[in-house]
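# Close look at the chain arrangement
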Protein chains: 2
Amino acid sequence: MSIAARTVQVSPGGRPASGYDILLEPGSSAALPRFLTERLPDCRAAVVVTDEHLQTVATPMADALRGVGVTAKVHVVAAGERSKSLESMHGIFEALLDLKADRRACLVAVGGGVVGDLTGYAAASYMRGIALVQVPTSLLAMVDSSVGGKTGVNLPRGKNLVGAFHQPAGVLIDPDVLATLPDREYHGGLAEVVKYGVISDAEFFAWLEKHAEAILAREAGVLVPLIARCCELKAAVVAADEFETTGVRATLNYGHTFAHAFENLAGYGVLSHGEAVSVGMTCAARLAVARGMIEQAVFDRQTALLQRFQLPIELPAAVDASADAVLAAMRSDKKNVAGALRLVLPVRLGEVRIFADVPEEQVAAALVAS
Amino acid sequence: MSIAARTVQVSPGGRPASGYDILLEPGSSAALPRFLTERLPDCRAAVVVTDEHLQTVATPMADALRGVGVTAKVHVVAAGERSKSLESMHGIFEALLDLKADRRACLVAVGGGVVGDLTGYAAASYMRGIALVQVPTSLLAMVDSSVGGKTGVNLPRGKNLVGAFHQPAGVLIDPDVLATLPDREYHGGLAEVVKYGVISDAEFFAWLEKHAEAILAREAGVLVPLIARCCELKAAVVAADEFETTGVRATLNYGHTFAHAFENLAGYGVLSHGEAVSVGMTCAARLAVARGMIEQAVFDRQTALLQRFQLPIELPAAVDASADAVLAAMRSDKKNVAGALRLVLPVRLGEVRIFADVPEEQVAAALVAS
Ligand SMILES: NC(=O)c1ccc[n+]([C@@H]2O[C@H](COP(=O)([O-])OP(=O)(O)OC[C@H]3O[C@@H](n4cnc5c(N)ncnc54)[C@H](O)[C@@H]3O)[C@@H](O)[C@H]2O)c1
Ligand SMILES: NC(=O)c1ccc[n+]([C@@H]2O[C@H](COP(=O)([O-])OP(=O)(O)OC[C@H]3O[C@@H](n4cnc5c(N)ncnc54)[C@H](O)[C@@H]3O)[C@@H](O)[C@H]2O)c1
Ligand SMILES: [Zn+2]
Ligand SMILES: [Zn+2]
């Protein structure tokens with residue numbers, strides 16, 4: 001392992017028996033065969049699922065797997081959220097059947113959160129569960145979706161309505177592949193990175209401020225510690241609350257109750273998820289200031305960092321930001337228990353709490369700068 | 001609870017925390033609302049899934065649920081194996097969305113193994129898992145499929161290829177509903193009942209011999225202890241080996257490696273699953289006699305009981321029973337690890353072991369009476 005390499009251990013629900021590791025190393029894409037066979041010595045067949053933007057990453061991986069005696073093929077789904085469907089999952093099952101895959105076969109997800117969520121759910125389901133190796137290639141997938149075992153697909157009537165908790169056998173992260181990630185995707189991922197700082201690690205937040213330049217330039221020297229820290233923070237949450245039952249995992253929804261409402265109101269493509277989260281965190285922090293829970297200075301630092309990372313702090317004019325529309329959309333969020341708005345709000349930089357009693361007028365007032 | 005009522009506790013994997021109970025009582029269909037609300041006090045919405053043969057059982061259940069404040073609707077799938085599909089599962093999701101079902105909603109499966117497996121997998125998947133109540137109505141579902149948490153659907157290319165382990169919150173069995181079960185289905189279920197005796201309980205086997213008349217007449221007085229004993233035996237297996245990893249659960253496959261091959265070779269409708277199992281157990285016992293593992297008398301008792309229950313002990317003439325065809329079909333069974341035939345064979349009445357080293361000539365010789 002080179003000096004720049006890092007590993008992060010994940011013990012979902014605090015059970016080391018279902019634990020796995022995240023290996024984070026520039027250039028590690030080439031190490032997939034060893035990574036996989038070390039963790040899954042019985043695996044003789046693998047389907048490498050990817051989308052068309054990552055085919056040049058996935059194809060050499062399948063070739064290399066064949067070199068170590070694992071029958072492997074690449075299965076390409078169309079890039080984009082629409083591939084998170086039951087139909088696409090059926091396509092993965094067909095690819096597994098083509099390889100006569102049995103319970104010892106595995107799936108490898110090479111791509112962003114779409115490929116990861118879809119492939120993970122397919123792995124959870126094929127023969128009631130086969131092994132999964134995650135090779136996240138977007139910043140969001142590296143710091144968020146590939147860790148923690150949430151998998152699933154969308155239904156025509158809503159996002160992430162169907163899925164399973166299925167932990168991977170390992171996560172292999174090669175930050176070098178971020179070189180080709182479009183800017184808007186990269187910046188969107190940074191919204192989640194800022195989120196980790198605000199919700200759980202003020203020191204990390206300060207580190208992000210200090211290294212903003214190098215982060216924007218995607219320098220390997222900062223990417224490895226940045227991704228590693230996010231994975232550690234997510235792993236801690238997943239260890240404490242694997243199935244989203246104790247409330248700990250809900251803290252990851254900071255900014256997201258607002259964001260989901262904004263995404264629902266915005267037309268397709270107007271607002272990326274990361275951009276919606278950025279505006280959502282801004283609203284949540286503004287609300288916390290108004291309630292006297294944090295200093296204005298915390299709000300200002302968060303705003304400055306988001307803007308530094310080229311993220312919006314208010315909705316584009318094209319989105320209906322009227323309080324009525326936003327509140328209605330927020331109320332229908334599936335995370336709300338029994339209809340009450342549940343909001344994750346900062347109580348200081350590096351700590352959030354969940355509030356179920358915020359008056360809707362306060363929420364409405366926090367939507368725009370006064 | 002009446003004198004005739006019985007409950008069986010299930011602790012999958014030996015974890016009481018994920019345990020549940022089976023309530024077995026004539027007339028208990030009417031008790032569903034209490035059964036459900038006692039186990040799921042937060043449930044406010046339920047979809048009752050059934051097929052057209054059980055609509056008269058399911059509809060009053062949904063009505064009664066509404067009477068206790070649970071928004072309920074009946075969702076009918078077509079009777080038969082073809083409803084165990086991803087498409088049918090999507091239909092259940094739509095029904096849940098129509099009720100605006102959140103994570104506290106539940107699914108109730110009222111039907112045979114088809115409805116139970118399909119509904120169970122839908123419950124495992126909707127919002128990554130909601131509660132499930134099983135109300136099995138076929139004998140096979142009461143003694144086998146509703147207990148143990150195996151759920152799933154078929155793919156066009158094979159049976160039960162996709163699914164999840166998802167334990168129910170409770171199983172409610174009303175033996176009175178068996179009155180309308182077609183004879184062939186009832187006798188097929190008895191094949192699995194005989195199986196329990198042979199694999200794990202010689203005393204139960206003797207009890208079946210003694211009460212064969214009353215069993216065939218479906219008398220409530222024998223049905224309750226019969227079903228209860230099968231549930232206990234299955235629960236013990238599931239407690240020892242929830243995920244089919246230790247080999248204990250594999251003992252339930254007695255007769256089934258043969259049976260699956262016969263089912264694959266037979267045309268649609270020629271051989272029911274129970275009939276195939278009956279012939280399969282006959283072949284397995286014959287093989288055990290030939291290997292000197294059991295006395296001829298055990299074989300004879302098993303044969304006599306199967307015939308008493310109107311089950312076949314040899315393949316109908318329409319099925320290609322050539323050794324080559326059967327062996328080829330057996331080799332492709334997905335339960336075989338690394339291609340070796342794994343057979344569950346009796347070592348005495350009430351005990352089986354798994355053998356991976358039976359020469360194919362011996363298997364071939366056991367296919368027909370010599
Ligand atoms: N499972 C979880 O816990 C979790 C958490 C957060 C988000 N998600 C899910 O993740 C999905 C979003 O993930 P995403 O943002 O990665 O979207 P994505 O998978 O659609 O990827 C975004 C785009 O970037 C491309 N891309 C990815 N890596 C690339 C690279 N290295 N070079 C060039 N192009 C690359 C993709 O092809 C795609 O076009 C959503 O479906 C969301 O629901 C899941
Ligand atoms: N999950 C498990 O552990 C497990 C175990 C064994 C079998 N299975 C599955 O179970 C399925 C077979 O189950 P099955 O034999 O119950 O088949 P089934 O569900 O198709 O039911 C058989 C027929 O009987 C009808 N029926 C059921 N109860 C009735 C009643 N009380 N009155 C009148 N008609 C009734 C049904 O409508 C159907 O037409 C298969 O798909 C098999 O894979 C699952
Ligand atoms: Zn997010
Ligand atoms: Zn069976």
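Residues numbered from 1 in each chain as written. Chains lettered and ligands numbered in written order. Predicted model: local features only at pLDDT ≥ 70, side-chain atom pairs only at ≥ 80, totals over all residues. Heavy atoms only, no water.

Let us now look at the coordination of the zinc ion (ligand 3). Residues and elements named next belong to chain A. Taken together, the protein donors to the zinc ion (ligand 3) comprise Glu 192 (OE), His 256 (NE2) and His 273 (NE2), at separations of 2.0 to 2.1 Å. Sequence positions of the residues that donate to the zinc ion (ligand 3) give the spacing E-x63-H-x16-H. Linking Glu 192 in helix H6 (residues 183-200) with His 256 in helix H10 (residues 256-265), this pair joins segments that are 64 residues apart in sequence. Overall, His 256 belongs to the buried group, its relative accessible area being 6%. (Donors = N, O, S within 2.8 Å, 3.2 Å for Na, K, Ca; no water. Helix = DSSP H or I, 4+ residues; strand = E, 2+ residues; numbered from the N terminus. Buried < 20%, exposed > 50% of the residue type's maximum accessible area, 1.4 Å probe, protein only.)

For the rest of this paragraph, the subject is the relation of the copies chain B and chain A. Aligned on chain A, chain B shows an RMSD of 0.0 Å; the corresponding rotation is 180° and the shift along the axis is 0.0 Å. In symmetry terms, the pair is related by a two-fold rotation axis. When C-alpha distances to the rotation axis are compared across chain B, the minimum falls at Leu 86 of chain B, with a value of 3.8 Å. Take the interface residues of chain B: 100% of them recur as interface residues in chain A, which is what a same-surface contact looks like. (Least-squares fit on C-alpha atoms with pLDDT ≥ 70 in both. Contact = heavy atoms within 4.5 Å.)

Before going further, it helps to examine helix H3 (residues 86-98) of chain A. All names here are of chain A. With 13 residues, H3 ought to run about 18 Å at 1.5 Å a step, and its terminal C-alpha atoms sit 19 Å apart, in line with that. Along H3, the positions that sit buried rather than exposed are Leu 86, Ser 88, Met 89, His 90, Ile 92, Phe 93, Ala 95, Leu 96 and Leu 97. Backbone geometry just downstream of H3 places Lys 100 in the positive-phi region, at approximately 55°. (Expected span 1.5 Å × (residues − 1).)

Turning our attention to the interface of chain B and chain A. In many analyses, interface size is given as the accessible surface area lost on bringing the parts together. Listed by partner, the interface residues are 30 residues for chain B and 30 residues for chain A. Buried surface at the junction of chain B and chain A, summed over both partners, amounts to about 2900 Å²; 56% is from carbon and sulfur atoms. Where chain B packs against chain A, one counts six salt bridges. Arg 157 of chain B is paired through a salt bridge with Glu 94 of chain A; the nearest N and O atoms lie 2.5 Å apart. Inspection of the chain B/chain A interface yields 12 residue pairs in polar contact (both at pLDDT 80 or more). Of all the secondary structure elements, the ones that give two or more residues to the side of chain B that touches chain A are helix H3 (86-98), helix H4 (113-125), strand S7 (150-155) and strand S8 (158-165) of chain B. Here the element with the most residues in the side of chain B that touches chain A is H3 of chain B; it accounts for seven residues. Looking at the side of chain B that touches chain A residue by residue, the classes come out as 15 nonpolar, five polar and 10 charged. (Buried area = accessible area lost by both parts, 1.4 Å probe. Salt bridge = Lys/Arg side-chain N within 4 Å of Asp/Glu carboxyl O. Polar contact = N/O pair within 3.5 Å; in protein donor to acceptor, adjacent residues only side chain to side chain. Nonpolar A, V, L, I, M, F, W, Y, C, P; charged D, E, K, R; others polar.)

All names here are of chain A. The UniProt record annotates "binding site: NAD(+)" (unreviewed entry) at Gly 113, Val 114, Val 115, Gly 116, Asp 117, Thr 137, Ser 138, Lys 150 and Lys 159. The annotated residues named above include Lys 150 as those lining the largest cavity. By the secondary structure assignment, Val 115 is in helix H4 (residues 113-125). The class for Val 115 is buried, based on a relative accessible area of 1%. Tracing the sequence through the fold places Thr 137 in the loop between strand S6 (131-136) and helix H5 (139-145). Using a relative accessible area of 5% as the deciding quantity, one classes Thr 137 as buried. (UniProt positions renumbered as here; feature names shortened; annotations may be inferred. 1 Å grid on protein atoms, 1.4 Å probe; cavity = no way out; pocket = protein on both sides within 12 Å on 5 of 7 lines; lining within 4 Å.)

With that settled, consider the site of ligand 1. All names here are of chain A. The environment of ligand 1 is formed by 24 residues, the closest being Asp 51, His 53, Gly 113, Ser 138 and Thr 180. Taking Asp 51, its side chain carries an N or O atom lying 2.7 Å from an oxygen atom of ligand 1. Gly 113 is positioned with one of its backbone polar atoms (N or O) 2.7 Å from an oxygen atom of ligand 1. Bound to the protein, ligand 1 loses 87% of the 860 Å² it would expose on its own. For the shell around ligand 1, a count of residues per class yields seven nonpolar, eight polar and nine charged. (Near = heavy atom within 4 Å. Areas by Shrake-Rupley, 256 points an atom, 1.4 Å probe, with all protein chains shown as cover.)

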